[in-house]
Amino acid sequence: MEARIPKPVYSMSWRDVNVAADISEFLTELAYTDNMHGEADELSITLEDSQGFFSGAKADFYPKLGDDLSLAIGYDSGPLEGYWSAGSFVVDEIKVQGPPDQVTMRALSVSGKNPLRQRGSKTWTKSKLREIAKSAAAGGGMTIAGTLPDITLARCTRNNESILEFLTRLGDEWGFIVKGGEGGIVAHSLGDILSQGAYATIRREDVADYDIVQKITNTPRDAVVRYWDINKKDKIMHTVKDRAPVPVGKVPLPNSRAQQAGGSQTGAPSAADVAVILDRVENEAQAEQRRAVRRLRGGMQSAEATVRLMGDPRLRAAMNIMLEGFGAVSGPYVIVRAKHHFSRG
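Q: Describe the nonpolar core, and please don't skip the residues or the numbers.
A: Of all hydrophobic cores here, the largest spans 26 residues; its most connected members are Phe 166, Leu 167, Leu 170, Phe 176 and Ile 185. Examining the composition of this core, we find that six residues originate from one element, helix α3 (residues 163–174), more than from any other. In contact with Ile 185, other than residues within four places in its own chain, are Leu 116, Ala 137, Met 142, Thr 143, Ile 144, Ala 145, Ile 163, Leu 167, Val 178, Lys 179 and Gly 180. Counting residues in hydrophobic clusters, the runner-up holds 24 residues, among them Met 12, Leu 30, Ala 86 and Val 103.

Q: Any details on helix α2 (residues 129–138)? Residues and values, ideally.
A: Among all positions in α2, only Leu 129, Ile 132, Ala 133, Ala 136 and Ala 137 are buried. What you see down the axis of α2 is that its buried residues fit within an arc of 130 degrees, all on one side. Buried residues belonging to α2 abut β8 (119–128), β9 (144–146), β10 (152–162), α3, β11 (176–181) and β12 (184–189).

Q: I'd like a rundown of the sheet that holds β9, residues and numbers included.
A: Strand order across the open sheet formed by three strands is β9-β12-β11, with mixed pairing between neighbours. The sheet terminates laterally at β9 and β11, the two strands that pair on one side only. Taken pair by pair, the neighbouring strands of this sheet meet at an average axis angle of 25 degrees, ignoring direction. Bridge count for β9 against β12 is three bridges, and the pairing is parallel. Paired with Ile 144 across the two strands is Ile 185, which belongs to β12. Strands in contact with α2 are β9, β11 and β12; relative to β9, the strand with the most contacts, it is inclined by about 145 degrees.

Q: Tell me about the packing of aromatic side chains, residues and numbers included.
A: Going through the model one piece at a time under the given rule, you end up with six aromatic pairs. Arranged with centres 5.4 Å apart and planes meeting at 10 degrees, the rings of Trp 124 and Phe 166 form a pair that is stacked. Of this pair, Trp 124 sits in strand β8 while Phe 166 sits in helix α3; the two residues are 42 residues apart in sequence, bridging distant segments of the chain. No difference in accessibility class separates Trp 124 from Phe 166, as the two residues are buried. An aromatic cluster is built from Phe 26, Phe 53 and Phe 54, whose rings are joined through pairwise contacts.

Q: Explain the environment of Val 307 residue by residue, including any values.
A: Following the sequence through the fold, Val 307 ends up in strand β19 (residues 303–309). When the C-alpha positions of Val 307 and Tyr 210 are compared, they lie 4.2 Å apart, and in sequence the two are 97 residues distant.

Q: Quick one: what's the story with the packing of α3 against helix α5 (residues 284–300), residue by residue and with numbers?
A: Here α3 crosses α5 at 90 degrees, and the two axes come no closer than 7 Å. Accordingly, the angle class assigned to the pair α3 and α5 is roughly perpendicular. For the pair α3 and α5, contact is made by Gly 171, Asp 172, Glu 173 and Trp 174 and by Gln 286, Gln 289, Arg 290, Val 293 and Arg 297, respectively.

Q: I'd like a description of the pairing of strand β22 (residues 337–343), backed by residues and values.
A: Burial along β22 is one-sided: Ala 338, His 340 and Phe 342 are buried, and none of Arg 337, Lys 339, His 341 and Ser 343, which face the opposite way, are. Bridging between strand β3 (residues 27–35) and β22 involves seven bridges; their strand directions are antiparallel. Counterpart to Ala 31 in the pairing with β22 is His 341.

Q: Run through unusual backbone geometry, naming residues and quoting values.
A: Between Gly 98 and the following residue, Pro 99, the backbone shows a cis peptide bond with an omega angle of -20 degrees. Among the structural elements, Pro 99 can be located in the loop between β6 (82–97) and β7 (102–108). For the peptide bond that leads from Pro 99 to Pro 100, omega is -10 degrees, which places it in the cis range. Structurally, Pro 100 is set in the loop between β6 and β7. Backbone geometry at Arg 15 places phi at a positive 55 degrees, although glycine is not the residue there. With respect to the secondary-structure elements, Arg 15 resides in the loop between β1 (8–14) and β2 (17–18). For Arg 15, a relative accessible area of 36% corresponds to the partly exposed category. With a phi close to 50 degrees, Asn 160 is a non-glycine residue in the positive phi region. Structurally, Asn 160 is set in strand β10. Given the relative accessible area of 46%, Asn 160 is considered partly exposed.

Scoring rules and cut-offs
Residues numbered from 1 in each chain as written. Predicted model: local features only at pLDDT ≥ 70, side-chain atom pairs only at ≥ 80, totals over all residues. Heavy atoms only, no water. Core = buried A, V, L, I, M, F, W, Y, C linked by side-chain atoms within 4.5 Å. Buried < 20%, exposed > 50% of the residue type's maximum accessible area, 1.4 Å probe, protein only. Helix = DSSP H or I, 4+ residues; strand = E, 2+ residues; numbered from the N terminus. Contact = heavy atoms within 4.5 Å. Arc of directions from axis to C-beta. Pairing = 2+ DSSP bridges. Axes fitted to C-alpha atoms, helices over the stretch in contact; angles between N-to-C directions. Phe/Tyr/Trp six-rings, centres within 6.5 Å; stacked < 30°, edge-to-face > 60°. Parallel < 35°, antiparallel > 145°, perpendicular 65-115°, else oblique.

Listed below in structure tokens is the structure:
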């Protein structure tokens, strides 16, 4: 008796109705992209429309900008049987094209009407980073959950930025990731994410194809921070004793790009390996945090990989994985973009 091959399945709600069965014969492509930091997740749906059901003169099912969608993906049998939620989305773009006639909907987890897109300006003084983030989110009627570095800023300014842009910039500067959606915002310390164990191991034989690039330009192994000491009225160059580089990276799955970090570089950093940070910081603790963030990000950018394999709906952005059987570029990576793709046939 032949073993049954698991079949990918999906469940989709459109205008509060589960339409998976209704659109299955028209669906030619579905792609869901899960991003780790500062970008909206994306859902793209392409429907065959030779009969004009979706875009014809009397079409009853023509999508509308602003329509709400939700998606879950999985398999109908096997070890991954069941559904995993991909989240909620809002239709942001509709494209009609042909031949062949088809309609494509592009939906975002943070749409143009989401409060996170609201622009504004504000200045905080003598405030903790977490309180600044909470205040910015509350300005759009949103909440923020998760962990942020314990840092107090003498002054922090939001200058005509959207809430998402502002929090993403703070995350880039102080070492946390930001993920927004219709339900609110989640923030996590980059160091906490990279210190977690590997969620899964991806072996060379599991991969349909891959592309891995190592590089040295713009990937500093260390950093020196120059800052203005408000109390001493003096410019300070702050440097800390060298620490072992942290092996990290990025990977989108199942159509995956990956980056691996500094573990493959050995020896003391040369001048070319050291970034001089000229950003404004207020004290030694902030300088230490900036230096640590630059080292982590430099390690993440030292290798990039794209791998394509059979989809696993459990794999999401910000998960650590292990690449095995890829020789010198094997090792730990962190998923920054996971793209799950269905197509007819």
